[in-house]
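What follows is the residue order along each chain.
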Amino acid sequence: MKKLLSGNQAIARGAYEAGCKFASAYPGTPSTEILETLAAYDEIYSEWSPNEKVALEAATGAAFSNARSLAAMKHVGVNVAADPLFTLSYTGTRGGIVIITADDPGMHSSQNEQDNRHYAIAAKIPMLEPSDSQEAKDFTMRAFELSEEYDAPVLLRTTTRIAHSECLVEIGERVELDRDYAFERDQAKFVMVPAHARARHVLVEERMRQLAEYAETCKENVVEERKTDIGIITSGIAYQYVREVLPEASILKIGLVNPLPRRLIRDFAARVGKLYVIEELDPIIEKHVRSLGIEVEGKPDEFRCGEIGPAKIRSFILGASIPGASPAAKAHPPVMCPGCPHRGIFHALNRLKLLVMGDIGCYTLGVAPPLNSIDTCVDMGASISHAVGASHVVPPERQKAMVAVIGDSTFIHSGITGLINAVYNKANLTLIILDNRTTAMTGGQPHPATGRTIKGEETFRLDLVNICRACGATSVRVIDPYDLTASRAAIETATREDGVSVLITNRPCMLIDKSAWNPPYRIDEEKCSACKACLTLGCPAIVDHSTGAEKAAPEINSLLCTGCGLCGQVCKFDAIVPRETATDTTR
Amino acid sequence: MKTTKILIVGVGGQGVILCSNILAHAALKTGHDVKKSELHGMAQRGGSVTTHVIYGPKVYSPLVEEGYADVILALSNDEIERVKHYLKPDGVIIKAPDALPGRLKNPRTLSVAMLGLLAKHLDIAEDIWLESIRERVKEKFVALNIEAFNIGKEQEAINKE
Ligand code: SF4
Ligand code: SF4
């Protein structure tokens with residue numbers, strides 16, 4: 001039976017059919033749906049871990065105990081998990097362990113577009129890269145086998161267009177593995193003290209030599225012979241674009257992107273006229289081909305940025321021009337949802353003209369005008385540490401004008417150590433934890449402070465107030481972000497205190513429970529003075545009707561309004577009032 | 001049989017993803033190879049949304065190439081300018097007629113009504129469309145959406161700039 005599956009669903013299906021027993025992840029676009037799909041299988045233990053490092057370590061423990069295990073993360077998540085990854089390469093494994101790295105060329109939902117094939121090379125780990133959902137499933141299954149055959153963790157790299165494109169996939173049955181699940185002591189293998197690690201490194205090098213041999217003949221590397229005037233070496237999603245643009249060209253499709261074959265490439269190069277390498281992001285295959293002394297044309301340097309896409313390939317090889325969007329065209333940037341509990345806090349931060357060290361999550365959208373109140377965004381948990389560093393160098397009167405904002409899930413991921421550092425090293429700062437009780441940006445996954453597991457089971461609920469107190473923060477207050485005046489007053493108080501002050505908001509993401517929405521608000525045109533104060537909230541439900549100098553009362557779109565009431569609080573003319581009844585019953 | 005390449009554009013929350021799911025499954029039921037590409041995460045927070053649906057005997061790229069789209073289906077007219085360069089020279093842009101939202105019992109069914117307009121340009125049988133809608137829409141909204149689909153089919157699309 002064939003089904004339309006995204007790359008992420010196909011990876012989950014592959015893991016399931018391969019007898020995978022353990023799966024862990026921290027949510028991150030474009031990888032999130034892998035664990036969400038796996039969680040539906042009763043045969044697989046699955047978990048949202050607090051961060052990617054923990055996810056990989058937990059998967060490692062399962063793999064050391066002979067289970068096939070999988071850890072999934074987005075490309076930047078591998079940075080967090082890099083510490084265990086590099087040494088896991090040395091220990092090798094018992095049960096197959098597969099690490100999914102979901103890269104995001106084009107940065108659709110990421111802060112950089114690093115090419116994670118470099119990790120496979122640096123950590124000396126085999127890496128597979130599928131070019132569609134069927135291969136995503138097949139390669140996942142093969143990755144478990146390779147991991148066991150070569151005693152190595154295996155990386156499987158996807159990109160956004162593989163992860164989030166749906167294609168037909170053949171569905172098979174799960175094979176339950178007949179093996180003992182036990183951790184068998186083997187200190188020389190699993191205890192990486194220097195003496196053991198030195199011996200393991202020799203084995204790692206030997207393993208990579210064997211895998212390089214495997215690369216010459218493996219099923220994952222495919223030669224497609226067609227016309228021989230042009231030959232293309234390609235991998236991943238770029239293969240599909242090449243097939244689209246150059247249906248007649250001969251292709252060497254690389255599925256095992258680390259280690260790369262040598263003889264296979266030499267033979268292919270010898271059989272074709274002009275040789276090209278088409279790969280997204282960095283010129284990794286291109287450099288390898290050149291290192292073999294083979295003449296090859298790689299993509300222009302500017303194509304290292306962003307997705308490669310069929311049009312770029314057409315322009316590069318066939319010299320066609322790329323049709324561009326008209327200069328007048330503007331994409332609507334993503335915005336904070338109507339009724340978002342973060343909005344009021346950013347409105348207050350904006351009014352108070354504070355510097356805001358930001359973090360990774362929905363609230364990063366607070367950077368956009370009119371809220372315009374995020375001043376840094378680099379990596380998970382960095383807000384607090386940025387504020388600590390800044391507070392130690394700027395003059396005292398500026399220190400408390402500095403605020404760190406971080407979401408609940410991000411705080412648990414890697415903000416707690418930042419807070420410990422802030423208190424321990426006597427920083428002077430205000431931390432606002434925007435607790436909306438979910439991992440909202442990725443679609444609302446539970447985490448330790450939600451009290452629910454990925455399978456929806458009840459569990460211990462981490463208490464953020466107590467965590468902050470235990471870290472040594474003495475001033476910890478819970479605030480209602482829907483109360484503008486109180487929130488602003490609390491921020492002002494916190495920024496006047498010495499030392500580390502923590503404010504924790506207490507309203508859930510309004511996407512979690514739509515039944516909690518209030519009736520929508522409306523603007524009474526009689527009372528409205530068209531001062532536009534309500535528009536400073538940047539709520540997408542409030543529509544500006546003024547044109548040029550012409551003033552007009554704004555309007556509230558009742559389909560979008562969640563009735564959070566913030567706009568009613570900023571209107572000085574009492575023009576914004578709740579509608580008597582909800583007009584829309586379908587949401 | 002040729003390959004058909006469709007872009008669906010709108011803003012987050014309009015139902016672009018639902019729309020492309022119904023289309024992709026309708027094409028699948030018709031016996032085509034299908035690929036569909038969309039974005040999740042940051043790209044879904046009320047901002048511009050584009051999905052690509054391609055079907056035919058054998059589909060390679062899940063992305064429509066600039067200059068090769070047969071149809072652009074626009075749930076929001078503001079989004080057309082942004083993707084117009086994807087259209088092939090004799091391609092078709094399907095916009096929502098001004099009168100359409102007013103004819104719908106519920107404005108949230110606009111995306112499915114737009115499929116009704118799209119259906120007139122594609123070789124997919126009526127019963128397959130309906131089956132695909134039934135499978136993809138929450139049960140209690142099926143009747144409402146089928147009605148919207150039929151209203152969409154009655155509309156005259158404004159399809160040239
Ligand atoms: S804040 Fe009140 S008076 Fe000012 S534009 Fe908005 S609704 Fe009108
Ligand atoms: S009450 Fe006002 S601020 Fe809140 S969602 Fe509705 S329009 Fe937006």
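Residues numbered from 1 in each chain as written. Chains lettered and ligands numbered in written order. Predicted model: local features only at pLDDT ≥ 70, side-chain atom pairs only at ≥ 80, totals over all residues. Heavy atoms only, no water.

Undergrad: Which parts of the structure should I look at to understand the overall build of chain B?
TA: Scanning chain B for helices and strands turns up six helices and five strands. Listing the helices and strands of chain B from first to last along the sequence gives β-α-β-β-β-α-β-α-α-α-α. Here the C-alpha radius of gyration of chain B, 14 Å, is about what a compact globule of 161 residues would show, namely 15 Å. A principal-axis box enclosing the C-alpha atoms of chain B has dimensions of 35 × 35 × 35 Å. A buried classification covers 64% of the 161 residues belonging to chain B. Put simply, of all contacts in chain B between residues at least 6 apart along the chain, 65% involve residues at least 24 apart. Looking at chain B as shown, the accessible area adds up to about 6300 Å², and 50% of this sits on carbon and sulfur atoms. Here chain B contributes 21 positively and 20 negatively charged side chains, and the mean placements of these two sets differ by 4 Å. (Helix = DSSP H or I, 4+ residues; strand = E, 2+ residues; numbered from the N terminus. Rg over C-alpha atoms; globule rule 2.2 N^0.38 Å. Buried < 20%, exposed > 50% of the residue type's maximum accessible area, 1.4 Å probe, protein only. Contact = heavy atoms within 4.5 Å. Areas by Shrake-Rupley, 256 points an atom, 1.4 Å probe, with all protein chains shown as cover. Lys, Arg positive; Asp, Glu negative; His and termini not counted. Charge placed at Lys NZ, Arg CZ, Asp CG, Glu CD.)

Undergrad: Would you take a moment to explain the interface of chain B and chain A for this structure?
TA: The parts lose accessible area when they come together, and the size of an interface is often stated as this lost area. Listed as interface residues are 39 residues of chain B and, on the opposing side, 45 residues of chain A. When the two sides are added together, the surface that chain B and chain A hide from each other amounts to roughly 3700 Å², 58% of it contributed by carbon and sulfur. Linking chain B with chain A are three salt bridges, by the criterion used here. In this structure, the salt-bridge partner of Glu 244 of chain A is Lys 5 of chain B, at a minimum N-O distance of 2.9 Å. Elements with a minimum of two residues in the side of chain B that touches chain A: strand 1 (4-11), helix 1 (16-29), strand 2 (33-37) and helix 2 (80-83) of chain B. At five residues, strand 2 of chain B tops the list of elements feeding residues into the side of chain B that touches chain A. Class assignment for the residues of the side of chain B that touches chain A results in 13 nonpolar, 13 polar and 13 charged. (Buried area = accessible area lost by both parts, 1.4 Å probe. Salt bridge = Lys/Arg side-chain N within 4 Å of Asp/Glu carboxyl O. Nonpolar A, V, L, I, M, F, W, Y, C, P; charged D, E, K, R; others polar.)

Undergrad: Looking at this structure, I do not really get the nonpolar core. What am I missing?
TA: For soluble globular proteins, nonpolar side chains are generally found buried alongside one another. Counting 48 residues, the largest nonpolar core has Leu 349, Phe 411, Leu 431 and Val 502 of chain A as the members making the most contacts within it. With residues up to four places along the chain from it excluded, the contact list for Val 502 of chain A reads Leu 419, Leu 431, Ile 433, Cys 468, Ala 473, Ser 475, Val 476 and Arg 477 of chain A. With 44 residues, the next largest nonpolar core counts Leu 4 of chain A together with Cys 19, Leu 73 and Ile 94 of chain B among its residues. (Core = buried A, V, L, I, M, F, W, Y, C linked by side-chain atoms within 4.5 Å.)

Undergrad: What am I meant to see in the packing of aromatic side chains here?
TA: The way to describe two aromatic rings as a pair is by their centre distance and the angle between their planes. All names here are of chain A. Scanning the model with the defined rule gives eight aromatic pairs over all chains in all. Each ring, one from Tyr 16 and one from Tyr 41, has its centre 3.9 Å from the other, and the planes form 15°; the classification is stacked. Taken together, the residues Tyr 16 in helix 1 (residues 7-17) and Tyr 41 in the loop between helix 2 (33-38) and strand 3 (45-48) connect sequence positions 25 residues apart. Grouping residues by exposure puts Tyr 16 and Tyr 41 together as buried. (Phe/Tyr/Trp six-rings, centres within 6.5 Å; stacked < 30°, edge-to-face > 60°.)

Undergrad: Is there a simple way to think about helix 12 (residues 284-291) of chain A in this case?
TA: Because each turn of an α-helix spans 3.6 residues, side chains separated by three or four positions in sequence point in the same direction. Residues and elements named next belong to chain A. Where helix 12 is concerned, the buried positions are Ile 284, Ile 285, Glu 286, His 288 and Val 289. Residues of helix 12 that are buried make contact with helix 5 (117-123), strand 10 (227-235), strand 11 (249-254), helix 11 (263-271) and strand 13 (274-278). Of the residues one or two after helix 12, Gly 293 is the one with positive phi, at around 80°.

Undergrad: I'm lost on the site of ligand 1 in this one. Help?
TA: Every residue lining ligand 1 is accounted for by Ile 523, Cys 528, Ser 529, Ala 530, Cys 531, Lys 532, Ala 533, Cys 534, Pro 554, Cys 571, Phe 573 and Ile 576 of chain A. Per-class residue counts for the shell around ligand 1 are ten nonpolar, one polar and one charged. (Near = heavy atom within 4 Å.)

Undergrad: Looking at this model, I keep getting lost on the pattern of salt bridges. Mind explaining?
TA: A side chain of one charge can pair with a side chain of the opposite charge if their charged atoms are brought near each other. All names here are of chain A. Taken as a whole, this structure holds 43 salt bridges over all chains when the rule is applied. Arg 142 serves as the salt-bridge partner of Glu 145, at 2.6 Å between the closest nitrogen and oxygen. One end of the pair, Glu 145, and the other, Arg 142, are both in helix 6 (residues 133-149), three residues apart, so they sit about a helical turn from each other. For Lys 274, the salt bridge identified is with Glu 297, shortest N-O distance 2.6 Å. Highlighted residues: Lys 274 in strand 13 and Glu 297 in the loop between helix 12 and helix 13 (309-318), separated in sequence by 23 residues. The exposure class assigned to Lys 274 is partly exposed, which follows from its relative accessible area of 40%.

Undergrad: Would you mind showing me how to read the confidence of the model for chain A here?
TA: The predicted coordinates ought not to be read in detail in places where the model reports low pLDDT. Mean pLDDT over chain A works out to 95, with 99% of the residues at or above the 70 mark. Within the model, the stretch residues 582-587 of chain A combines pLDDT values under 50 with 15 contacts to residues more than four positions away or in other chains. (pLDDT = per-residue confidence, 0-100.)

Undergrad: Help me understand the sheet that holds strand 14 (residues 355-357) of chain A in this model?
TA: Strands in a sheet are paired, the pairing made by backbone hydrogen bonds, and the direction either parallel or antiparallel. All names here are of chain A. The parallel open sheet is built from five strands, whose spatial order is 14-15-16-18-17. On the outer flanks of this sheet lie strand 14 and strand 17 (475-479), each paired with one strand and no other. Taken over all neighbouring pairs, the strand axes of this sheet differ in orientation by 25° on average, direction set aside. Of the pairings in the sheet, the one linking strand 14 to strand 15 (residues 402-407) comprises three bridges and is parallel in character. Looking at strand 15, one finds that Met 357 is bridged to Ala 404. Contacts from helix 19 (residues 484-496) reach strand 15, strand 16 (429-434), strand 17 and strand 18 (500-505) within the one sheet, and its direction differs from that of strand 17 by about 170°. (Pairing = 2+ DSSP bridges. Axes fitted to C-alpha atoms, helices over the stretch in contact; angles between N-to-C directions.)

Undergrad: How should I be thinking about the packing of helix 10 (residues 237-245) of chain A against helix 13 of chain A in this particular structure?
TA: A pair of packed helices can be characterised by two numbers: the angle between their axes and the separation between those axes. Residues and elements named next belong to chain A. Two numbers describe how helix 10 lies on helix 13: the axes approach to 9 Å, and their chain directions differ by 60°. As summarised for this structure, helix 10 and helix 13 are arranged oblique, according to the angle between their axes. In this structure, the crossing between helix 10 and helix 13 has a hand that is right-handed. Of helix 13, the residues touching helix 10 (which contributes Ala 238, Tyr 241, Val 242 and Val 245) are Gly 309, Pro 310, Ile 313, Arg 314 and Leu 318. (Parallel < 35°, antiparallel > 145°, perpendicular 65-115°, else oblique. Left-handed = near helix turned anticlockwise from the far one by under 90°.)

Undergrad: What is the right way to look at the sheet that holds strand 1 (residues 2-6) of chain A in this model?
TA: Strand order across the open sheet formed by seven strands is 1(A)-8(A)-2(B)-3(B)-1(B)-4(B)-5(B), with mixed pairing between neighbours. The sheet is open, and its two borders are formed by strand 1 of chain A together with strand 5 (87-94) of chain B, each paired with just one other strand. Mean inter-strand twist for the sheet, computed between neighbouring axes without regard to direction, equals 25°. Of the pairings in the sheet, the one linking strand 4 (residues 69-74) of chain B to strand 5 of chain B comprises four bridges and is parallel in character. In the sheet register, Ile 72 of chain B faces strand 5 of chain B, and the bridge partner there is Ile 93 of chain B. Helix 1 of chain A contacts strand 1 and strand 8 (165-170) of chain A of the sheet and is inclined by roughly 115° relative to strand 1 of chain A. Where helix 1 of chain B meets the sheet, its contacts fall on strand 1 and strand 8 of chain A together with strand 1, strand 2, strand 3 (48-56) and strand 4 of chain B, and the angle it forms with strand 3 of chain B comes to roughly 0°.

Undergrad: Help me understand the packing of helix 15 (residues 382-393) of chain A against helix 17 (residues 408-424) of chain A, please; the structure alone is not making it clear to me.
TA: All names here are of chain A. Where helix 15 meets helix 17, the axes come as close as 7 Å, and the angle between the chain directions of the two elements is 20°. With respect to helix 17, the axis of helix 15 lies roughly parallel. Two packed elements cross with a definite hand, and for helix 15 against helix 17 that hand is left-handed. Note on element contacts: helix 17 touches helix 15 through Phe 411, Gly 415, Gly 418, Leu 419, Asn 421 and Ala 422, opposite Ile 384, Ser 385 and Val 388. Per-class residue counts for the contact of helix 15 with helix 17 are five nonpolar, four polar and no charged.

Undergrad: Could you clarify how one ought to interpret the environment of Ile 72 of chain B in this entry?
TA: Its place among the elements puts Ile 72 of chain B in strand 4. Filtering out sequence-adjacent residues up to four positions away, Ile 72 of chain B remains in contact with Leu 7, Val 9, Val 83, Lys 84, Leu 87, Val 92, Ile 93 and Ile 94 of chain B.

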